[in-house]
Amino acid sequence: MNKIRTRFAPSPTGYLHIGSVRTALFSWLYSKHNNGKFILRIEDTDLERSTQKSIDNIIDGMHWLNLNWDEGPYYQSKRLKRYNSVIEQMIKKGIAYRCYCSKARLDNLRKKQIARGEKPRYDGFCRNNIHNYKYNESHVVRFRNPQEGDVIFEDQIRGLIKFSNIELDDLIIRRTDGLPTYNFCVVIDDWDMKITHVIRGEDHINNTPRQINILNALGAPIPVYAHISIILGEDGKKLSKRHGAVSIMQYRDDGYLPESLLNYLVRLGWSHGNQEIFSIDQMINNFSLHAINKSASTFNIDKLLWLNHYYINSLPAEYVTTHLSWHIEQQGININKGPSLLNILSLFSKQSKTLKDIVNSCNYFYKDCIPFNNTLIKKYLYPMAILPLKIARKKLEKINHWTYENIRQVIKSTATELNVDIGKVGMPIRIAITGISQSPNIYEIIYILGKNRSLKRIDEALMYIKNNKNYLS
């Protein structure tokens, strides 16, 4: 049996999105499961719409997700000579021909067919007729599609699929500008790159019989095909920007881990019993094309957030902080001014669904001065807060062994000494140290922030109250 070879072949006319990544993932998993090869191919023959920015986005996205390829990336734009060479051979063999039909003729033909209730298709006018045209006159090249019989193939997801050749007109394989067309380039690439399994979206099903016929005409092997269903938004419509279908790198920017995204995508249409959580190794070991559901899948952001929270708290902390570090840098935060990211992760991971949540929650650890919110100041840093702040500060300063438990005892004993609820002590301290009213355990925050910085912030809060007594009263 030939070695399994799969490919991911995006067009760089836009950003890499969820649907494309799921296709890449399934193709990648199938090759890995079978110890095969995974090829990356950039289908950039649409020279007007293809951009370097989109190419970079595809490459960056694949790297971020660790969907590493074994060969490539190959670029169709660099293979034009090969395509045209094959086309010229096909013309000589009579399996392709030059078509000189004008746009006006084709438009008129289309109108008449629609008026008769027929499916618009090329009528083969130039197929067998020899016309008095010069070679360099404007023309396209068409593939001479069989006019009898059927194209039948066994789709690995959908089962037996059959197309009648009479429904397939003579496909244009080279345009008037001399550029080969998408459907033709794909055929030659799959042939040259020895692709054994083509795993792609269901929107390509109608392309498959045309491509099979070209491969047969060339005497090339036919790959195995598997067409994946589309992804829907929760409103039942095709996933689009209005559902949050954005560049895959936006998910990185929003604080998702690649493991959570891959785990989520593998479950969009594929299953292995009732298992929900899959490591990469488990995906590879258990993956099969026959376990992919032929019905459409629905994208659910809440499920993705749940998985991301799980992976933030389940993957090795040292690994998670490598991703967290990137987000910290994007915010311009100097981590040398505060605690280690391992401490930050430990403190915030349980309450955070994304890495960005953690960054937004922890920045007070790295600031020299805490900006006070006027509403919170009026509510908590009123003149009556001076006494609990002073007593707690004095007790904190006397701590010889800076531990969580000793800090907790200071806050507790301060409340006992003043005969007040512990919140009357803890909340002013929380505002003084963090500048916000909601944060993780205040004892843990004080411990991680350190003795000197904690005392300094309490001093700044006391000074603020003293200078703004009239405003706060």
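Just so you know, these numbers come straight off a predicted model, no measurement behind them.

Definitions and cut-offs
Residues numbered from 1 in each chain as written. Predicted model: local features only at pLDDT ≥ 70, side-chain atom pairs only at ≥ 80, totals over all residues. Heavy atoms only, no water. Helix = DSSP H or I, 4+ residues; strand = E, 2+ residues; numbered from the N terminus. Rg over C-alpha atoms; globule rule 2.2 N^0.38 Å. Contact = heavy atoms within 4.5 Å. Areas by Shrake-Rupley, 256 points an atom, 1.4 Å probe, with all protein chains shown as cover. Axes fitted to C-alpha atoms, helices over the stretch in contact; angles between N-to-C directions. Parallel < 35°, antiparallel > 145°, perpendicular 65-115°, else oblique. Buried < 20%, exposed > 50% of the residue type's maximum accessible area, 1.4 Å probe, protein only. Pairing = 2+ DSSP bridges. Right-handed = clockwise from strand over helix to strand, strands pointing away. Domains from an automatic or database assignment. Polar contact = N/O pair within 3.5 Å; in protein donor to acceptor, adjacent residues only side chain to side chain. Phe/Tyr/Trp six-rings, centres within 6.5 Å; stacked < 30°, edge-to-face > 60°. Expected span 1.5 Å × (residues − 1).

**Student:** Any details on the overall build of the protein? Residues and values, ideally.
**Tutor:** Within the protein, the regular secondary structure consists of 20 helices and twelve strands. Over its C-alpha atoms the protein spans a radius of gyration of 32 Å, topping by over 25% the 23 Å that the globule rule assigns to 473 residues. Counting only C-alpha atoms and orienting by the principal axes, one finds that the protein spans roughly 105 × 45 × 40 Å. Counted over contacts in the protein with a minimum sequence separation of 6, partners at least 24 positions apart contribute 75%. Carbon and sulfur atoms make up 49% of the accessible area of the protein, which totals about 23400 Å².

**Student:** I'd like to hear about the packing of helix H15 (residues 386–397) against helix H17 (residues 423–434), residue by residue, with values.
**Tutor:** Where H15 contacts H17, the axes come no closer than 9 Å and their chain directions differ by 80°. The angle between H15 and H17 falls in the class roughly perpendicular. Judged by residue contacts, Pro-388, Leu-389 and Ala-392 of H15 engage Lys-424, Val-425, Pro-428, Ile-429 and Ala-432 from H17.

**Student:** Summarise the pairing of strand S2 (residues 37–42); cite the residues concerned and give the values.
**Tutor:** Along S2, five of the six residues are buried, which leaves the element largely enclosed by surrounding structure. Bridge count for strand S1 (residues 5–8) against S2 is four bridges, and the pairing is parallel. Its bridge partner being in S2, Arg-5 is matched across the sheet by Lys-37. At this point the chain moves from S1, through helix H1 (residues 18–33), to the parallel S2, and the crossover so formed is right-handed. Note that S2 and strand S3 (residues 71–75) share three bridges and pair parallel.

**Student:** Would you mind going over the domain arrangement of the protein in detail, with residue names and values included?
**Tutor:** Domains assigned within the protein are domain 1 (1–76 + 151–163 + 172–315), domain 2 (317–367) and domain 3 (369–472). The gap between the C-alpha centroids of domain 1 and domain 3 is 54 Å.

**Student:** Run through the side chain of Thr-196, naming residues and quoting values.
**Tutor:** When you line up the elements, Thr-196 lands in the loop between helix H5 (182–192) and strand S9 (197–201). A polar contact is formed between the side chain of Thr-196 and the backbone nitrogen of Arg-5, at a distance of 2.9 Å. Apart from the residues within four sequence positions on either side, Thr-196 is in contact with Lys-3, Ile-4, Arg-5, Pro-223 and Val-224.

**Student:** Account for unusual backbone geometry, naming residues and giving values.
**Tutor:** Here the amide bond leading from Gly-72 into Pro-73 is cis, since omega sits at 0°, within 30 degrees of zero. Among the structural elements, Pro-73 can be located in strand S3. Non-glycine residue Asn-35 carries a positive phi angle of around 55°. Relative to the helices and strands, Asn-35 is located in the loop between H1 and S2. By relative accessible area, Asn-35 is classed as exposed at 60%. The phi angle at Asn-66 is positive, at roughly 60°, despite the residue not being glycine. Here Asn-66 shows up in the loop between helix H2 (52–64) and S3. In this structure Asn-66 comes out as partly exposed when scored by relative accessible area, which is 41%.

**Student:** Tell me about the packing of aromatic side chains, and please be specific about residues and values.
**Tutor:** Counted according to the given criterion, the structure contains eleven aromatic pairs. Ring geometry for Phe-153 versus Tyr-225: centroids 5.9 Å apart, planes at 65°, classification edge-to-face. Taken together, the residues span a long stretch of sequence, with Phe-153 in strand S6 (residues 150–155) and Tyr-225 in strand S10 (residues 224–228) at a distance of 72 residues. The same class applies to Phe-153 as to Tyr-225, namely buried. Through successive ring pairs, a cluster of aromatic residues spans Phe-26, Trp-270, Phe-278 and Phe-287.

**Student:** Report on H15, specifying residues and quantitative values.
**Tutor:** Compared with an ideal rise of 1.5 Å per residue, which puts twelve residues at 16 Å, H15 spans 16 Å between its outermost C-alpha atoms and is within 8% of the ideal. Considered for burial, the residues of H15 that qualify are Ile-386, Pro-388, Leu-389, Ile-391, Ala-392, Arg-393 and Leu-396.

**Student:** Account for the environment of Gly-269, with residues named and values stated.
**Tutor:** Following the sequence through the fold, Gly-269 ends up in the loop between helix H8 (258–266) and helix H9 (280–286). For the pair Gly-269 and Asn-2, spaced 267 residues apart in sequence, the C-alpha to C-alpha distance is 28 Å. Setting aside chain neighbours within four positions, we find Gly-269 in contact with Arg-22, Ala-291, Ile-292, Asn-293 and Ser-297.

**Student:** Any chance you could break down the pairing of strand S7 (residues 159–164) for me, citing the residues and the numbers?
**Tutor:** Direction of pairing for S6 relative to S7: antiparallel, over a ladder of six bridges. Residue Asp-155 lies in a different strand from S7, and its bridge partner there is Gly-159. Counting the residues in the hairpin turn of S6 and S7 gives three residues.

**Student:** Pulling in residues and values, what's your account of the sheet that holds strand S4 (residues 96–99)?
**Tutor:** In spatial order, the strands read S4-S5-S8; together these three strands make up an open sheet with antiparallel pairing. In this open sheet, the two strands that pair with only one neighbour each are S4 and strand S8 (172–174). Direction aside, the axes of adjacent strands within the sheet are offset by 45° on average. Inspection of the sheet shows strand S5 (residues 140–143) paired to S8 by two bridges, in the antiparallel sense. Bridging from a neighbouring strand, Val-141 pairs with Arg-174 of S8. Contacts from helix H3 (residues 80–93) reach S4, S5 and S8 within the one sheet, and its direction differs from that of S8 by about 125°.

**Student:** I'd like a rundown of the environment of Asp-281, residues and numbers included.
**Tutor:** For Asp-281, the position within the fold is in helix H9. The exposed category is assigned to Asp-281, whose relative accessible area is 54%. In this structure, the C-alpha to C-alpha distance between Asp-281 and Lys-32, residues 249 residues apart in sequence, is 9.7 Å.

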